[in-house]
Amino acid sequence: QVQLVESGGGLVQPGGSLRLSCAASGSSFTIYAMGWYRQAPGKQRELVATKTSDTSTNYKDSVKGRFTISRDNAKNTVYLQMNSLKPEDTAVYYCYAKLVAGGISYWGKGTLVTVSS
């Protein structure tokens with residue numbers, strides 16, 4: 001059983017930056033894919049960024065150039081550096097992990113990011 005714990009959310013002004021972290025425990029092996037989804041009030045959960053163990057990355061179009069996902073495979077930890085934040089980035093951000101390609105997803109409890117002046 002994999003457990004994910006996120007940290008780093010909070011309140012930030014438009015144009016500001018935040019760094020989210022997510023540490024996975026319960027896996028002895030390098031996790032195949034880790035990444036971030038987000039869910040704004042009244043909206044569906046959407047993919048923000050994902051990174052596989054072979055360094056392949058994928059970003060939501062609206063965050064390209066502003067957000068950067070990185071991983072420390074030795075620690076089974078994933079980070080999301082968010083720059084030039086906009087009010088529309090306000091959401092609960094969820095960390096996810098897949099142990100193997102096509103496998104089930106494990107989820108963290110989420111961390112709230114609020115972008116507001």
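Residues numbered from 1 in each chain as written. Predicted model: local features only at pLDDT ≥ 70, side-chain atom pairs only at ≥ 80, totals over all residues. Heavy atoms only, no water.

Engineer: So what exactly am I meant to see when it comes to the environment of A101 here?
Structural biologist: Following the sequence through the fold, A101 ends up in the loop between β9 (91–98) and β10 (105–107). Along the chain, A101 and A33 lie 68 residues apart, while their C-alpha atoms are 7.5 Å from each other. (Helix = DSSP H or I, 4+ residues; strand = E, 2+ residues; numbered from the N terminus.)

Engineer: Would you take a moment to explain the environment of S70 for this structure?
Structural biologist: For S70, the position within the fold is in strand β7 (residues 67–72). The class for S70 is partly exposed, based on a relative accessible area of 30%. For S70 and S21, which are 49 residues apart along the polypeptide, the C-alpha to C-alpha distance reads 9.6 Å. Setting aside residues up to four positions removed in sequence, S70 forms contacts with K51, T77, V78 and Y79. (Buried < 20%, exposed > 50% of the residue type's maximum accessible area, 1.4 Å probe, protein only. Contact = heavy atoms within 4.5 Å.)

Engineer: Which parts of the structure should I look at to understand the packing of aromatic side chains?
Structural biologist: Centre-to-centre distance and the angle between the planes together describe a pair of aromatic rings. If you walk through the whole model with that rule in mind, you get 3 aromatic pairs. Ring geometry for Y37 and Y96: centres 5.4 Å apart, planes at 85°, overall edge-to-face. Taken together, the positions of Y37 in strand β4 (residues 33–39) and Y96 in strand β9 put the pair 59 residues apart, joining distant regions of the chain. Look at Y37 and W107: their rings are 5.1 Å apart centre to centre, the planes differ by 75°, and that puts the pair in the edge-to-face class. Within this pair, whereas Y37 is found in strand β4, its partner W107 is found in strand β10, the two being separated by 70 residues in sequence. Owing to a relative accessible area of 37%, W107 belongs among the partly exposed residues under this scheme. Linked through ring pairs, Y37, Y96 and W107 together constitute an aromatic cluster. In this arrangement the basic side chain of R19 is found over the ring face of Y79, its NZ or CZ atom lying 4.1 Å from the centre. In this structure, R45 packs its charged tip against the face of W107, placed 4.7 Å from the ring centre. (Phe/Tyr/Trp six-rings, centres within 6.5 Å; stacked < 30°, edge-to-face > 60°. Lys NZ or Arg CZ within 6 Å of the ring centre and 35° of its normal.)

Engineer: What is the right way to look at the pattern of salt bridges in this model?
Structural biologist: For side chains bearing opposite charge, pairing can occur when the charged atoms are close. The final tally for this structure, using the stated rule, is 5 salt bridges. The closest approach of N and O atoms between E46 and R38, which form a salt bridge, is 2.8 Å. Take R38: its relative accessible area is 5%, and that puts it in the buried class. As a salt-bridge pair, K64 and D61 come within 3.0 Å of each other at their nearest N and O atoms. The class of K64 is partly exposed, set by a relative accessible area of 49%. The network of salt bridges with shared partners includes R38, E46, K60, R66 and D89. (Salt bridge = Lys/Arg side-chain N within 4 Å of Asp/Glu carboxyl O.)

Engineer: Would you mind going over the sheet that holds β7 with me for this structure?
Structural biologist: Either a parallel or an antiparallel arrangement is found when strands of a sheet pair, and the pairing is made through backbone hydrogen bonds. With antiparallel pairing, the 4 strands of this open sheet are ordered in space as β1-β3-β8-β7. Both outer strands of the open sheet, β1 (3–7) and β7, are each paired with one neighbouring strand and no more. Going across the sheet, the axis of each strand differs from the next one's by a mean of 15°, ignoring polarity. Strand direction decides the pairing type here: strand β3 (residues 18–25) and strand β8 (residues 77–82), joined by 6 bridges, are antiparallel. For L20, the partnering residue across the bridge sits in β8 and is L80. (Pairing = 2+ DSSP bridges. Axes fitted to C-alpha atoms, helices over the stretch in contact; angles between N-to-C directions.)

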